[in-house]
Amino acid sequence: MKKFIVVFLVAFSLFSCKESEADKKAILPESNGRINSVSFFIDEALWNGEIGDTIRKKFAAPVDGLPQEEPLFNLNQYPTKIFEGFARKSRSIVYVAKGQKASFSAQTDKYAKPQKVFFITGKNNEEILHILEEKTPEIIQSIKASEITENQRRLKKALISDQKVRDKFGIALEIGANYKYDMVKDNFLWIRKEFTSGYNSVLVYEVPINTIESDSSVIGNIIKMRDSIGKQNIHGVLPNTWMITEEAYAPYLFETKIKGRNTYLTKGTWELKNDFMAGPFVNYAIKDERNNRYLILEGFTYNPSKSKRDLVFELEAIIQSVKFLK
């Protein structure tokens, strides 16, 4: 009987601990903050010196592929003494301070949800700088992934039907409110959202695998493919104008994976041939060997004289929501 009581008490204690942790997670407040904003809790003495310079150089580096320089993230700096207050509900937090030892930790949904929190401490500037050099790529990748997820969560609040995408290409795509099908062909879709100062566009099409892999010049083949599609489908209001890849600057090419599939990601600038319109684009060429094709998901934006970073980021959130149905 005594053994039974002891076992029962231990089990009840473990269950209570698990339940209290679950309850704690359940009552976390909702995090806040604009997309692509990071809150740094770091005292002025560090922020205004070499450590702050390093943070700004890395976390506010120019985004690849935009026609004007825009920072990777907007940085908000707060002194560590107010960390216990409202500001720690920010969605992305990096805490930097001097401590008794060098340490780094990353936590999810610690004070709010969704949330990423990173703690960096060191006995001196050299130790903190060493951690920043080593861990910043990991921090940036984690924050960017969580921001894509947050953007997708916001888009899901009001999605339009992706039935045309499903029927024509065998994929699902989460397309946010105010986007409309602008052009529908057998092998090409143009989905567009207009706003006061411009528009965002998503293109969906497919090409045979050898269109991109016919020789070693992948970037050259992608440019040729884009220019051909632009001439066929994307025209300006003036006669004899169509979309091309900007000729003055070579796009950036990256290798990545989307839903486990090898993907070429191209970032650069588009322009209208024989006109003056231009803007940034992101092109995902996803190798779909099962269907003997490259699925092309491209986003491009037109927002002259205004910020374009978050518009392109929204397009990437839509594209990265892709699911293959066959």
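Notes on the structure follow. Note that the structure is a prediction, hence the values are computed from the model and not measured. (Residues numbered from 1 in each chain as written. Predicted model: local features only at pLDDT ≥ 70, side-chain atom pairs only at ≥ 80, totals over all residues. Heavy atoms only, no water.)

**Concerning the packing of helix H4 (residues 125–155) against helix H8 (residues 309–319)**
Where H4 meets H8, the closest approach of the two axes is 9 Å, and the angle between their N-to-C directions is 80 degrees. Here H8 runs roughly perpendicular to H4, going by the angle between their axes. Residues Lys144, Glu147, Ile148, Asn151, Gln152 and Leu155 of H4 lie in contact with H8, whose contacting residues are Phe313, Glu314, Glu316, Ala317 and Ile318. For the contact of H4 with H8, the class distribution of residues is 5 nonpolar, 2 polar and 4 charged. (Axes fitted to C-alpha atoms, helices over the stretch in contact; angles between N-to-C directions. Helix = DSSP H or I, 4+ residues; strand = E, 2+ residues; numbered from the N terminus. Parallel < 35°, antiparallel > 145°, perpendicular 65-115°, else oblique. Contact = heavy atoms within 4.5 Å. Nonpolar A, V, L, I, M, F, W, Y, C, P; charged D, E, K, R; others polar.)

**Description of empty space enclosed by the protein**
Taken as a whole and judged by the stated rule, the model has 1 cavity of 30 Å³ or more. Estimated volume of the largest cavity: approximately 30 Å³. Taken together, Leu203, Tyr205, Arg226, Ile229, Gly230, Ile234, Met243 and Glu298 form the lining of the largest cavity. If you list the elements that add at least two residues to the lining of the largest cavity, you get strand E11 (198–207) and helix H7 (218–233). In terms of residues, the lining of the largest cavity owes the most to one element, H7, which gives 3 residues. Taken together, the residues that form the lining of the largest cavity break down as 5 nonpolar, 1 polar and 2 charged. (1 Å grid on protein atoms, 1.4 Å probe; cavity = no way out; pocket = protein on both sides within 12 Å on 5 of 7 lines; lining within 4 Å. Points joined across faces, edges and corners; volume = space filled by probe spheres on them.)

**Things to note about the sheet that holds strand E5 (residues 116–122)**
If you walk across this open sheet you meet the 5 strands as E2-E1-E3-E5-E4, and the pairing is mixed. The open sheet has two free edges, formed respectively by strand E2 (74–78) and strand E4 (103–108), since each of these has just one partner strand. Pairwise comparison of adjacent strand axes, ignoring direction, gives a mean angle of 15 degrees for this sheet. Bridge count between strand E1 (residues 37–41) and E2: 5 bridges; the pairing is parallel. If you follow Val38 over to E2, its bridge partner there is Leu75. (Pairing = 2+ DSSP bridges.)

**Some remarks on the nonpolar core**
Note that soluble globular proteins tend to have their nonpolar side chains buried in a common cluster. Judged by nonpolar contacts, the single largest core of 29 residues is most densely connected at Ile171, Leu173, Val204, Ile286, Leu295, Leu297 and Val322. When contributions to this core are tallied by element, the ones reaching two or more residues are H4, helix H5 (163–169), strand E10 (188–195), E11, strand E15 (278–288), strand E16 (293–302) and H8. It is H8 that provides the largest number of residues to this core, a total of 6 residues. When neighbours within four sequence positions are excluded, Val204 is seen to be in contact with Phe169, Ile171, Leu173, Asn187, Phe188, Leu189, Ile191, Leu295, Ile296 and Leu297. Counting 23 residues, the second largest nonpolar core, distinct from the first, contains Trp190, Leu203, Leu272 and Tyr302. (Core = buried A, V, L, I, M, F, W, Y, C linked by side-chain atoms within 4.5 Å. Buried < 20%, exposed > 50% of the residue type's maximum accessible area, 1.4 Å probe, protein only.)

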